[in-house]
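As a plain string of letters, each chain reads:
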Amino acid sequence: MLYEEKGICQEDYIVGSFPRNYGCGPDNDIETEDVNSIQKHRIFLMGLRRSGKSSIYKVVFHKMSPSKTLYLESTSKIVKENIFKHSFIQFQIWDFPGEIDIFDPTFDSETIFGSCGAIVFVIDAQDDYLEALNILHRTIFQAYKINCKIHFEVFIHKTDGLLYDHKIETQRDIHKRANEDLEDSGIKSVRLSFHLTSIYDHSIFEALSRVVQKLIPQVPALENLLDVLISNSVIEKAFLLDIASKIYIATDSSPLDMKSYELCCDMIDVVLDISYIYGLPEDNDMTVFDEQSCSIIKLSCSTVLYLQEMNDCLALICIFREENFDNKGNILRRQELSM
């Protein structure tokens, strides 16, 4: 039976015979405001059953506590959600069930992969990953044949339970095997990106930030603007973050220190928690993050964090040395005038 995917597809965009119990029927579709934008910015979470796909989705986009993900049931159908926060993040997450077979005749590969922006393939680093690598190879082979513009990202997940040397060795082995499989298949133009991730630290937010940035054409311009800001100020590091997900849209070109990013994520949590308690009257349905949102936090390590609202979902967070930060009005370095 043929059916149309309402709210996402154009009038002549027919899904074909893809099974309804996988979540692609009209009852499961999501209405969108910008059809073309969503089609160009779909991120697929794929991988074997119990690899951690749904946990990633819930922790990042639904603020679920990592400990509660232990009770999540396995995904039985495709779960789709629009991440439609502001002009720089407009994409849709598809959480695929682990048992899905992309070579099944009822799987409409042309339709599914044709509008995909990135595939995030999740591999459980604490399990035997040979089968996962085989599925990864099959997925890349099928998807790249349909859409050569897809970004392929490999999340080597659940690394929190591994020693550092074991993490590096696992990453090296997966990297080698995955690329050898591609070469054996004659697919030499695909560039895989590998990320060590865990929902128990900020590595999953950093990895997803990297993925999202590849789908945002404005990122180079934003990075350049942040470089200009830093070169004309006493700022050490600057991040442009999405408030809801804590994904950073852009940062300056200086090396990324994971601890700095973690501080910025923690600052967002602190600002939102206090704002929810004291920021608005109980009968006010406005967002707690608005044009007046601003915060300064001085840490014991002689570091100052400064947060400034950009729009209702985007924040600029700057990191200073305490000796270089006097007050809000003294961010820019005083330039000497040549006479």
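Analysis parameters
Residues numbered from 1 in each chain as written. Predicted model: local features only at pLDDT ≥ 70, side-chain atom pairs only at ≥ 80, totals over all residues. Heavy atoms only, no water. Helix = DSSP H or I, 4+ residues; strand = E, 2+ residues; numbered from the N terminus. Contact = heavy atoms within 4.5 Å. Phe/Tyr/Trp six-rings, centres within 6.5 Å; stacked < 30°, edge-to-face > 60°. Buried < 20%, exposed > 50% of the residue type's maximum accessible area, 1.4 Å probe, protein only. Lys NZ or Arg CZ within 6 Å of the ring centre and 35° of its normal. Pairing = 2+ DSSP bridges. Axes fitted to C-alpha atoms, helices over the stretch in contact; angles between N-to-C directions.

**Remarks on the environment of Ile83**
Then comes step 1: Its location among the elements puts Ile83 in strand β2 (residues 79–86).
Then comes step 2: Expressed as a C-alpha distance, the spacing of Ile83 and Ala244, which sit 161 residues apart in the sequence, is 9.7 Å.

**Considering the environment of Phe61**
Then comes step 1: You can see Phe61 is positioned in helix α2 (residues 53–62).
Then comes step 2: Considering only alpha carbons, one finds Phe61 and Ile83, 22 residues apart in sequence, at a separation of 8.3 Å.
Then comes step 3: Once residues within four sequence positions are removed from consideration, Phe61 is found in contact with Ile83, Phe91, Ile93, Leu208, Ser245 and Ile247.

**What to know about the packing of aromatic side chains**
The way to describe two aromatic rings as a pair is by their centre distance and the angle between their planes.
Then comes step 1: Scanning the entire structure with this criterion turns up 10 aromatic pairs.
Then comes step 2: Taking 5.0 Å as the distance between ring centres and 70 degrees as the angle between the ring planes, the aromatic pair formed by Tyr248 and Tyr261 counts as edge-to-face. Taken together, the positions of Tyr248 in strand β8 (residues 248–251) and Tyr261 in helix α8 (residues 258–279) put the pair 13 residues apart, joining distant regions of the chain.
Then comes step 3: In this structure Tyr261 comes out as buried when scored by relative accessible area, which is 0%.
Then comes step 4: Following the ring pairs from residue to residue traces out a cluster consisting of Phe44, Trp94, Phe96, Phe107 and Phe113.
Then comes step 5: The cationic tip of Lys237 hangs over the ring face of Phe239; the distance from NZ or CZ to the ring centre is 5.8 Å.
Then comes step 6: Sitting above the plane of the Phe205 ring, Lys246 keeps its charged end 5.1 Å from the centroid.

**Quick word on the sheet that holds strand β10 (residues 303–311)**
Then comes step 1: Strand order across the open sheet formed by 5 strands is β8-β7-β11-β10-β9, with antiparallel pairing between neighbours. Taken across any chain shown, the strands that pair with only one partner, and hence form the sheet edges, are β8 and β9 (294–298). When the angles between neighbouring strand axes are averaged without regard to direction, this sheet yields 20 degrees.
Then comes step 2: As paired strands, β9 and β10 are joined by 5 bridges and run antiparallel to one another. Among the inter-strand pairings, Ser295 is bridged to a residue of β10, identified as Leu307.

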